[in-house]
Amino acid sequence: MPKWVNEGFNEYQKRLNQDVQLELVEIPAGKRGKNADLQRITEKEGQQILHSLHPQEHIIALDVEGKRFTTEKLSNRLNELMHSGQQVALLVGGPEGLSNACRNKAQEKWSLSDLTLPHPLVRIVIAEQLYRSWSLLKGHPYHR
């Protein structure tokens, strides 16, 4: 990832405290060439994603057809997740999205936008929105 992506993600990651810890686990994207079998690549990436998950995690797939949130509603959902005692895994697919296996494994599906966002930007948007939601819960002035 470009330096600005890592810096953006890291900035929001370090702002969160012990209430919410943000860990990034990257799965290498399969090689996509002119005649690549995109379905096979997406399925393989999905297997790698599922293999990286812990059995007790609450899985949320980021998907264009997922639930959309306002900041306030996302903050409320974050609060519920924080009090559930479960670790949460947010799954982001490759260029073709998540595999069916990942979507089927997810307990929830969220959408960040109706727009198609570039993957480097998605990483920062997720981190920023989690920080914004957390800051709203804590009464921190960031949200204003």
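Just so we're clear, the structure is a prediction, and the values are computed from it rather than from any experiment.

**Regarding the overall build of the protein**
For the protein, the helix and strand inventory stands at 5 helices and 3 strands. Seen in sequence order, the protein has helices and strands lined up from the N terminus as α-α-β-α-β-α-β-α. Along the first, second and third principal axes, the C-alpha atoms of the protein reach 50 × 35 × 25 Å. Relative to its full complement of 144 residues, the protein shows a buried share of 35%. About 9400 Å² of surface is accessible on the protein, with carbon and sulfur atoms providing 49% of the total.

**Brief notes about the layout of surface pockets**
Reported here for the largest pocket is a volume of approximately 1400 Å³. Looking at the lining of the largest pocket, the elements that each hand over two or more residues are α2 (38-52), α3 (71-84), β2 (88-91) and α5 (119-137). No other element matches α5, which puts 6 residues into the lining of the largest pocket. Here the residues of the lining of the largest pocket are counted per class, giving 25 nonpolar, 10 polar and 7 charged. In this structure, the second largest pocket encloses a volume near 470 Å³. Lining the second largest pocket are 21 residues, with L62, D63, V64, L117 and H119 sitting closest to its centre. Looking at the lining of the second largest pocket, the elements that each hand over two or more residues are β1 (58-67) and α5. Examining the composition of the lining of the second largest pocket, we find that 3 residues originate from one element, β1, more than from any other. When grouped by side-chain class, the residues that make up the lining of the second largest pocket number 10 nonpolar, 7 polar and 4 charged.

**Points about the packing of helix α1 (residues 3-15) against α5**
Running from N to C, α1 and α5 cross one another at 15°; their axes reach a closest spacing of 9 Å. By the angle between their axes, α1 is roughly parallel relative to α5. Here α1 runs over α5; the crossing is left-handed. Together, W4, V5, N6, G8, F9, Y12 and R15 of α1 and P120, R123, I124, A127, E128, Y131 and W134 of α5 make up the contact between the two elements. The residue inventory of the contact of α1 with α5, partitioned by class, reads 9 nonpolar, 2 polar and 3 charged.

**Digging into the environment of E128**
Structurally, E128 is set in helix α5. A relative accessible area of 11% means that E128 is categorised as buried. For the pair formed by E128 and N17, sequence separation is 111 residues and the distance between their alpha carbons is 14 Å. Every residue in contact with E128, bar those within four places of it in the chain, is listed here: Y12 and Y142.

**Topic: α3**
In this model α3 runs 20 Å from its N-terminal to its C-terminal C-alpha over 14 residues, within 8% of the 20 Å that 1.5 Å per residue would give. Burial in α3 covers these residues: T71, L74, S75, R77, L78 and L81. One side of α3 carries all its buried residues, which in axial view fall inside an arc of 165°. Facing away from the buried surface of α3 by more than 90 degrees, the exposed residues are K73 and H83. On the buried face of α3, the contacting elements are β1, β2, β3 (108-110) and α5. One or two steps after α3, the chain reaches G85, where phi turns positive at roughly 85°.

Conventions adopted
Residues numbered from 1 in each chain as written. Predicted model: local features only at pLDDT ≥ 70, side-chain atom pairs only at ≥ 80, totals over all residues. Heavy atoms only, no water. Helix = DSSP H or I, 4+ residues; strand = E, 2+ residues; numbered from the N terminus. Buried < 20%, exposed > 50% of the residue type's maximum accessible area, 1.4 Å probe, protein only. Areas by Shrake-Rupley, 256 points an atom, 1.4 Å probe, with all protein chains shown as cover. 1 Å grid on protein atoms, 1.4 Å probe; cavity = no way out; pocket = protein on both sides within 12 Å on 5 of 7 lines; lining within 4 Å. Points joined across faces, edges and corners; volume = space filled by probe spheres on them. Nonpolar A, V, L, I, M, F, W, Y, C, P; charged D, E, K, R; others polar. Axes fitted to C-alpha atoms, helices over the stretch in contact; angles between N-to-C directions. Parallel < 35°, antiparallel > 145°, perpendicular 65-115°, else oblique. Left-handed = near helix turned anticlockwise from the far one by under 90°. Contact = heavy atoms within 4.5 Å. Expected span 1.5 Å × (residues − 1). Arc of directions from axis to C-beta.

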